[in-house]
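Each chain, letter by letter, is given below.
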Amino acid sequence: MAAVLRKRVSLDSVPPEVIEYILITAVAGGDAESVASVATTCKYLFEIVYETLDSHLWRSLFCTTFDDPRRLVLQVYASDAPLNWRRLFTERVRARRYVYRHAVPIALMENEDPAPRNIDILVQLPEINYEENIICLRALTSVIMTAASDMRKSTGAPLALTRTDRAGVSVPIDLAELHNQTGNWPPDNANGRAPSMNIPWLRETLARGLPSVVTGRFILQPVESLWHNSSVGSYMAELLSHLGFMPIPPGPATAHVEVQVPRGPSSPSRYLTRQSLRAWTGSSTSTLKPMDMSADAQWDRARWIAREMAFDMTYLSPRRNWGPYIPVHPMLDNEESEAETSDNDSDPDYVPGNDVSQTADVPSADQLRPDWSWLGAARIVADCVLRAYVNEDEGIGRLHDWENVREGAWVPTPPSTSEEEQANATDGVTSHERDWAGAEGLWSRLVCWFGYNNLFALNQGFMRYDDPDLDEAWIIVPLSLRITGYSPSPIARYADRPTIHVEGEMGGGNWEDDEEDVRRVHGTVSMLEDGHVRWSIVRPSRHSLVCSPELGDDSHGGGDLQTSMNEDNTEDEWASEAIQLGGVGSRMGSLGMWTGVNHEDDDPLGVIWQWRVG
């Protein structure tokens, strides 16, 4: 009898289907680590877990915890290509484990120099495991981009942007009237929203932030270092672009590293150790004190670093299509141009001019991808402005809600197209003409900039980005966009997403005092090769961008709001380039930059973040 009982409880006698059911139930209960633990107990269980001939087990394990990427409607993941369920699941479990172990308080030491801390800070942080951090940050980004669609049928009539006048002509509704119906922030649409498992998982995983060594480099590493443009730095910046900055958690330090601040311009341009510090100051201990690692202090340091990146006038380049982009491959046609450009890039005083190089070698849409390092800096600048000047009770929390990264919140349900209609479509566009990006509607646009005198002084080193008296100028204005037409997509594999042409109105620089200060805009919404959505908006000079190089240095912390017009008030003068955050048509909006449309010498630049409100 005992032998019979032992045989009954032997794992070898349990059918694989039952083992799989047990594992799926355990993972659904929150014990994702149990799968690997069970697989190590015997060969039979190892084969069930890791040598199965189909993907049923790993797909089921994945879908107990995460949204099914196959159900996405708009993202590139919504394809017929087979998914590696095991890799997707194990990398995310591994990422959570890594974050839990490394999102910990750290102790930093600095000089007791009374001079203000600055972005020239020299950092001595522990060595970073690049491979482990890349896997972790890439997995977290995947969780964002595969969050369940937020598409649902509207519970009310859409906001009307036009009305018919007495002559039967459709005319735009007054911008102030539209703005009064919505306000500045996204509506509270939590009711009726289909649940997502990815977002709660992200909140729990990142409750204490990202790995502290990575965050520490992001807020302390000098901009000129190569770290910000490394793979880890780029993945980190992409996460920050979508989710916002997350400070290193406070509390008793579990790791101790040292940071020393230079005492002056003649400080050695190298990492300082206690030995070199003794040689420099005469003491290895007396001049050190604990660095302030409060959340506010970390936000300040992040802001100083972000300012230097976001307001770097030398960043503007035809190779970037004068936007927050990185070319997929070099666009230079010959070695001479390559050498010339290399020399210019190495010159910190070089500012691209309006010459032949400014109009040549501009990459096309299929040769661009987002520059997340710059966009991450732009997000920090925007968030710091909002934290400083906007009260939480005004509704800003609805903008920062991580649920906003989900695709489709503003995308109308696509109409069904019969096979006959598809066959009759001759231009490759007609059958797909729809607002696939959620472009048409009312938006709020946050614009941040420095007055030109300050911007130039900062770029020339005459001012410091950590100056306590330095504040960005900013304004939030309404923006209405209406679709005027379509043209073929620049990316062949996104033929079903033709370029959307838009026009509309935007509040001007004096909008807060005069709601009749309204400016016209026009532009396009299109696809990039990597699946991100590009927003290109142009503003004529007679409808000047709220950020003008003639701006002063005091309004909203940074500039008097004026306009810049040419003699006949007809030519385009300002342009903006932005990247959609989260999924296509998400409530998180798009983040990017503005600059001059003619790309002339010493063109200014600044940060924009726009989100739809109705």
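Here goes a summary of the coordinates provided. (Residues numbered from 1 in each chain as written. Predicted model: local features only at pLDDT ≥ 70, side-chain atom pairs only at ≥ 80, totals over all residues. Heavy atoms only, no water.)

Quick word on the packing of aromatic side chains
Within the structure shown, the criterion is met by 15 aromatic pairs. Relative to phenylalanine 66, the ring of phenylalanine 62 lies with its centre 5.2 Å away and its plane at 40°, an arrangement referred to as tilted. This pair shows no difference in class: phenylalanine 62 is buried, exactly as phenylalanine 66 is. Aromatic pair phenylalanine 66 and tryptophan 201: ring centres 5.0 Å apart, planes at 65°, arrangement edge-to-face. Remark: tryptophan 201 occurs in helix H9 (residues 198-205) and phenylalanine 66 occurs in the loop between helix H5 (56-65) and helix H6 (85-102); sequence separation between them is 135 residues. For the pair phenylalanine 66 and tryptophan 201, one class covers both residues: buried. (Phe/Tyr/Trp six-rings, centres within 6.5 Å; stacked < 30°, edge-to-face > 60°. Buried < 20%, exposed > 50% of the residue type's maximum accessible area, 1.4 Å probe, protein only. Helix = DSSP H or I, 4+ residues; strand = E, 2+ residues; numbered from the N terminus.)

Observations regarding the side chain of serine 241
Structurally, the position occupied by serine 241 is in helix H11 (residues 231-243). With a relative accessible area of 0%, serine 241 lands in the buried category. Polar side-chain contacts of serine 241 include one of 2.8 Å to the backbone oxygen of alanine 237. Excluding residues that lie within four positions of it along the chain, serine 241 makes contacts with Trp372, Leu375, Gly376, Arg379, Leu581 and Leu591. (Polar contact = N/O pair within 3.5 Å; in protein donor to acceptor, adjacent residues only side chain to side chain. Contact = heavy atoms within 4.5 Å.)

Concerning the environment of methionine 463
Along the polypeptide, methionine 463 turns up in the loop between helix H19 (452-460) and strand S12 (473-487). We classify methionine 463 as partly exposed; its relative accessible area is 23%. Once residues within four sequence positions are removed from consideration, methionine 463 is found in contact with Asn454, Ala457, Leu458 and Leu470.

Describing the pattern of salt bridges
If charged atoms from side chains of opposite charge come close, those side chains can pair. Counting across every chain of the model gives 22 salt bridges. Its salt-bridge partner being glutamate 91, residue arginine 138 comes within 3.4 Å of it at the nearest N-O pair. Highlighted residues: arginine 138 in helix H7 (residues 130-145) and glutamate 91 in helix H6, separated in sequence by 47 residues. The class for arginine 138 is partly exposed, based on a relative accessible area of 33%. Glutamate 472 is the salt-bridge partner of arginine 307, the closest N and O atoms lying 2.6 Å from each other. Here the residue arginine 307 occupies a position in helix H13 (residues 295-310), and glutamate 472 occupies one in the loop between H19 and S12, the gap between them amounting to 165 residues. Glutamate 472 carries the same exposure label as arginine 307, and that label is buried. Three or more residues are tied together by salt bridges with common partners; here these are Arg203, Asp401, Glu403 and Arg406. (Salt bridge = Lys/Arg side-chain N within 4 Å of Asp/Glu carboxyl O.)

Take it as geometry only, folks, not as evidence of what the structure does.
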